[in-house]
Amino acid sequence: MMLAIFDLDHTLLDGDSDHLWGEFLVRMGALDADRFRRESARFTRDYNAGSLNAADYYRFALSALTEHPVERLLSWRERYLEECIRPRVAEGAFDLLASHRAAGHTLMIITATSHFLTEPIAHFLGVDVLLATEPEMLNGCFTGLVQGIPCLREGKVQRLEEWLSETDEQLAESWFYSDSNNDLPLLERVDHPVTVHPDPILKTHARRRGWPIVNIRGQSSYPTQW
């Protein structure tokens, strides 16, 4: 069965789920607004330039999970999904997912954002397979560290290869949709790379390689026949 793989942030979502979570926690009084926005802007610049220090970023992104009981985090997450994520699903996302589902493809979301945040998002989108960065837990509490390989850049390829080795799926004739130059390692690996609202670096690369450039935030412009 062919795979249809999707990045999440700025691809299926019109926004970044990690940043939206941080802004939500600021509103809850759980994060210092000035520090969060200053550090978030710095990491966003580095990410867009393809120079993000993954260890520093995840230390920042996962730190809030260590400061509150899991029960409170789960309650906040439910409210965050309703208030911050549902309104930011790209207009054509459900149609795009449905077209691949109707073709019998296996749907997967692969994202650098934590599994804690993205698990309910994948469920809401109707995608059963999720590969995301795994936040470490010890004695029922988050440690602020990453368990295993972060699902970022080459790490997405490694995590996908691990998953493939554990299933009957294969990468041949697979699709991958992404907006970010950080996903070039995986875009280069699939037979059908598709760029969605690509950043400037990825757009230049896509034009040079002849990859599709599509928009799913307005009227659909992606293929629906596979």
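Since we're looking at a predicted model, the values are computed, not measured.

K.L.:
It is not clear to me how the pattern of salt bridges should be interpreted in this structure. Could you clarify?
P.N.:
One side chain can pair with another of opposite charge once the charged atoms of both are near each other. Under the definition given, this model contains 10 salt bridges. Here R217 makes a salt bridge to D14, at a shortest N to O gap of 3.6 Å. Highlighted residues: R217 in the segment after β7 (213-214) and D14 in the loop between α1 (8-12) and α2 (17-27), separated in sequence by 203 residues. You can call R217 partly exposed: its relative accessible area is 31%. A salt bridge links E82 to R86, with the shortest nitrogen-to-oxygen separation between them at 2.8 Å. In this structure, a network of salt bridges that share partners links the residues D7, K156 and D183.

K.L.:
Looking at this structure, how should I read helix α7 (residues 115-125)?
P.N.:
For α7, a buried count of eight out of 11 residues is recorded, marking the element as mostly surrounded by other parts of the structure. After α7 finishes, the residue G126 shows a positive phi value of roughly 75°.

K.L.:
What is the right way to look at the nonpolar core in this model?
P.N.:
Counting 52 residues, the largest nonpolar core has F6, L12, W21, Y80, I109 and L125 as its most contacted members. It is helix α5 (residues 70-85) that provides the largest number of residues to this core, a total of seven residues. For Y80, the residues in contact, after removing those within four places along its chain, are S17, L20, W21, F24, I85, L117 and I121. By size, the runner-up hydrophobic cluster in this structure holds 20 residues, among which are M108, C151, L186 and L202.

Cut-offs used in this document
Residues numbered from 1 in each chain as written. Predicted model: local features only at pLDDT ≥ 70, side-chain atom pairs only at ≥ 80, totals over all residues. Heavy atoms only, no water. Salt bridge = Lys/Arg side-chain N within 4 Å of Asp/Glu carboxyl O. Helix = DSSP H or I, 4+ residues; strand = E, 2+ residues; numbered from the N terminus. Buried < 20%, exposed > 50% of the residue type's maximum accessible area, 1.4 Å probe, protein only. Core = buried A, V, L, I, M, F, W, Y, C linked by side-chain atoms within 4.5 Å. Contact = heavy atoms within 4.5 Å.

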